[in-house]
Amino acid sequence: MLTPKSSRPTPERLLDAAETLMRTTGLAAATTKAIAREAGCSEAALYKYFANKEELFVRVLMERTPNAGPLMAALLAEPGAEAGAGERGVEEGLVAIARHASLFYADAMPMAASLFADPALLARHRDGVQEIGAGPHVVLDALTGRLRRELDAGRLRADADPRAAAALLLGACFQRAFFLHFSGAHVVQPVEEFAPAVARTVWAAIR
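Once a new chain begins, its residue numbering starts again from 1 and follows that chain's sequence as written. Local features in a predicted model are, by the rule used here, given only for residues with pLDDT of at least 70; side-chain atom pairs are given and counted only at 80 or more, and totals for whole chains, interfaces and linings are based on all residues. With hydrogens and water excluded, all non-hydrogen atoms of the structure serve as input to the side-chain values.

Details of the confidence of the model for the protein chain
- Here the protein chain averages 91 in pLDDT, and 93% of its residues register 70 or above.
- For the protein chain, per-element mean pLDDT is lowest for helix α7 (residues 119-131), which scores 90, and highest for helix α9 (residues 162-183), which scores 98. As a per-residue measure, pLDDT tells how confident the predictor is, with possible values from 0 to 100. Secondary structure elements follow DSSP: runs of H or I of four or more residues count as helices, runs of E of two or more count as strands, with numbering from the N terminus.

Set out below in structure tokens:
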């Protein structure tokens, strides 16, 4: 049985409202006033639970997009955590990261795209995200850290550059999401083909 909207806890109603507006009208139009109105509460109540709109955006991304949790779990996994530890395990881990990152970026891009039409709004968003210690660089930092742990475990070449490898893998995933939305699905590989190909190529350069 569905839970009546009014009986849901206020923070959940605010996240529901933020997700609805960010997906339908874009991040620029999803003001705190509009989110509070959609949630059936006051703007003051919103600030009781969330520091700013950017925190709501980050929470929606991390809690309401299906690949965010698996992506972060794969990024933070310890060396040898995957089935088939050793070099095969590293490659399998990179494939999982590429798959989840591709789908995560594809889901997140439409919500954030409207920011880039307004430089002042983009600057405010950047400041708000930094205020809560978040931002898109967190994913790059996490993958860099994971690859450094693999380097320390002796599974990468001694001269491998973990940050450059992380940037190559995630950059390809982000580009796929851009092409998917800008040009259409016919110009990108299906993610189940794309992820292993990209992961295999990066892995071949650093193994």
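Some remarks on the environment of Ala30
- Position of Ala30 relative to the elements: it lies in the loop between α1 (10-24) and α2 (32-39).
- The spatial distance from the C-alpha of Ala30 to the C-alpha of Ala17 is 9.2 Å, given a sequence separation of 13 residues.
- Once residues lying within four places of it in the same chain are set aside, the contact partners of Ala30 are Leu21, Met22, Thr25, Ile35 and Lys53. Residue contacts are counted whenever heavy atoms from the two residues lie within 4.5 Å of one another.

Section: α7
- If you check α7, its first and last C-alpha atoms are 18 Å apart, about what 13 residues at 1.5 Å a residue would give, namely 18 Å.
- Partly exposed residues are those whose accessible area sits between 20% and 50% of the maximum for their type, while under 20% is buried and over 50% is exposed, using a 1.4 Å probe and protein chains only. Every buried residue of α7 is accounted for by Leu121, Leu122, His125, Gly128 and Val129. Projected down its long axis, α7 carries its buried residues within an arc of 125°, all on one side. Counted as exposed and oriented over 90 degrees from the buried face of α7: Pro119, Arg124, Asp127, Gln130 and Glu131.
- Considering only its buried residues, α7 is in contact with α4 (53-64). Multiplying one less than the number of residues by 1.5 Å gives the expected span of a helix. The arc refers to the directions leading from the helix axis to the C-beta atoms.

Focus: α4
- In a regular helix each residue adds 1.5 Å, so 12 residues correspond to 16 Å; α4 covers 15 Å between its end C-alpha atoms and thus fits that length.
- Those residues of α4 that fall on the buried side of the exposure criterion are Lys53, Glu54, Glu55, Leu56, Phe57, Val60, Leu61 and Arg64.
- Structurally, α4 contributes buried residues whose contacts are with α1, α2, α3 (43-49), α5 (68-76), α6 (87-112) and α7.
- A 3.5 Å cut-off defines polar contacts: any pair of N or O atoms within that distance qualifies, except that in protein one atom must be a possible hydrogen donor and the other a possible acceptor, and neighbouring residues in sequence count only when both atoms are side-chain atoms. The backbone nitrogen of Glu54 has a side-chain oxygen 3.2 Å away, supplied by the residue at the start of α4, namely Asn52.

Regarding the packing of α1 against α2
- Where α1 contacts α2, the two axes come as close as 8 Å, and the packing angle between them is 120°. Taken as axis vectors, α1 and α2 run oblique relative to one another. α2 is crossed by α1, and the crossing has right-handed handedness. Across the interface between the two elements, Arg13, Leu14, Ala17, Ala18, Thr20, Leu21 and Met22 of α1 pack against Ala34, Ile35, Ala36, Glu38 and Ala39 of α2.
- Split into classes, the residues belonging to the contact of α1 with α2 amount to 9 nonpolar, 1 polar and 2 charged. Comment: axis = line fitted to C-alpha atoms, over the contacting stretch for helices; angle = value between 0 and 180 degrees taken between N-to-C directions. For classification, angles of less than 35 degrees are called roughly parallel, those exceeding 145 degrees roughly antiparallel, those between 65 and 115 degrees roughly perpendicular, and all remaining angles oblique. Note on convention: the crossing is left-handed when the near helix lies turned anticlockwise from the far helix by less than a right angle, right-handed when the turn is clockwise. The nonpolar class holds Ala, Val, Leu, Ile, Met, Phe, Trp, Tyr, Cys and Pro. Asp, Glu, Lys and Arg form the charged class, and all remaining residues, Gly among them, are polar.

Quick look at the packing of aromatic side chains
- Pairing of aromatic rings covers Phe, Tyr and the six-membered ring of Trp, with a centre-to-centre limit of 6.5 Å; geometry is then stacked below 30 degrees between planes, edge-to-face above 60, and tilted otherwise. Inspection of the entire model under this criterion finds 4 aromatic pairs.
- Ring centres of Phe178 and Phe179 lie 6.1 Å apart, and the angle between their planes is 50°; this geometry places the pair in the tilted category.
- Phe178 sits in the partly exposed class, given a relative accessible area of 38%.
- When its relative accessible area of 33% is taken as the criterion, Phe179 is described as partly exposed.
- Any Lys NZ or Arg CZ found within 6 Å of a ring centre and within 35 degrees of that ring's normal is scored as a charge over the ring. Over the ring of Phe194 we find Arg176, and its NZ or CZ is 5.8 Å from the ring centre.

Quick notes on the side chain of Lys53
- Looking at the secondary structure, you find Lys53 in helix α4.
- The positive count covers Lys and Arg only, the negative count covers Asp and Glu only, and His and the chain ends enter neither. Only one rule defines a salt bridge in this text: a Lys or Arg side-chain nitrogen within 4 Å of an Asp or Glu carboxyl oxygen. Buried and without a salt bridge, Lys53 has Glu54 as its closest oppositely charged side chain, separated by 5.3 Å.
- A polar contact is formed between the side chain of Lys53 and the backbone oxygen of Leu27, at a distance of 2.9 Å.
- Setting aside residues no more than four positions away along its own chain, Lys53 makes contact with Met22, Leu27, Ala28, Ala30, Thr31, Thr32 and Ile35.

Quick look at the nonpolar core
- Residues Met22, Ile35, Leu56 and Leu143 are the most contacted members of the largest nonpolar core, which totals 62 residues.
- Considering every element that reaches this core, the biggest residue donor is α6, with 13 residues.
- Ignoring anything within four residues of it in the chain, the contact list for Met22 reads Leu27, Ala30, Ile35, Lys53, Leu56, Phe57, Val60 and Met111. Take the buried residues of types Ala, Val, Leu, Ile, Met, Phe, Trp, Tyr and Cys, join any two whose side-chain atoms come within 4.5 Å, and each joined set is a nonpolar core.

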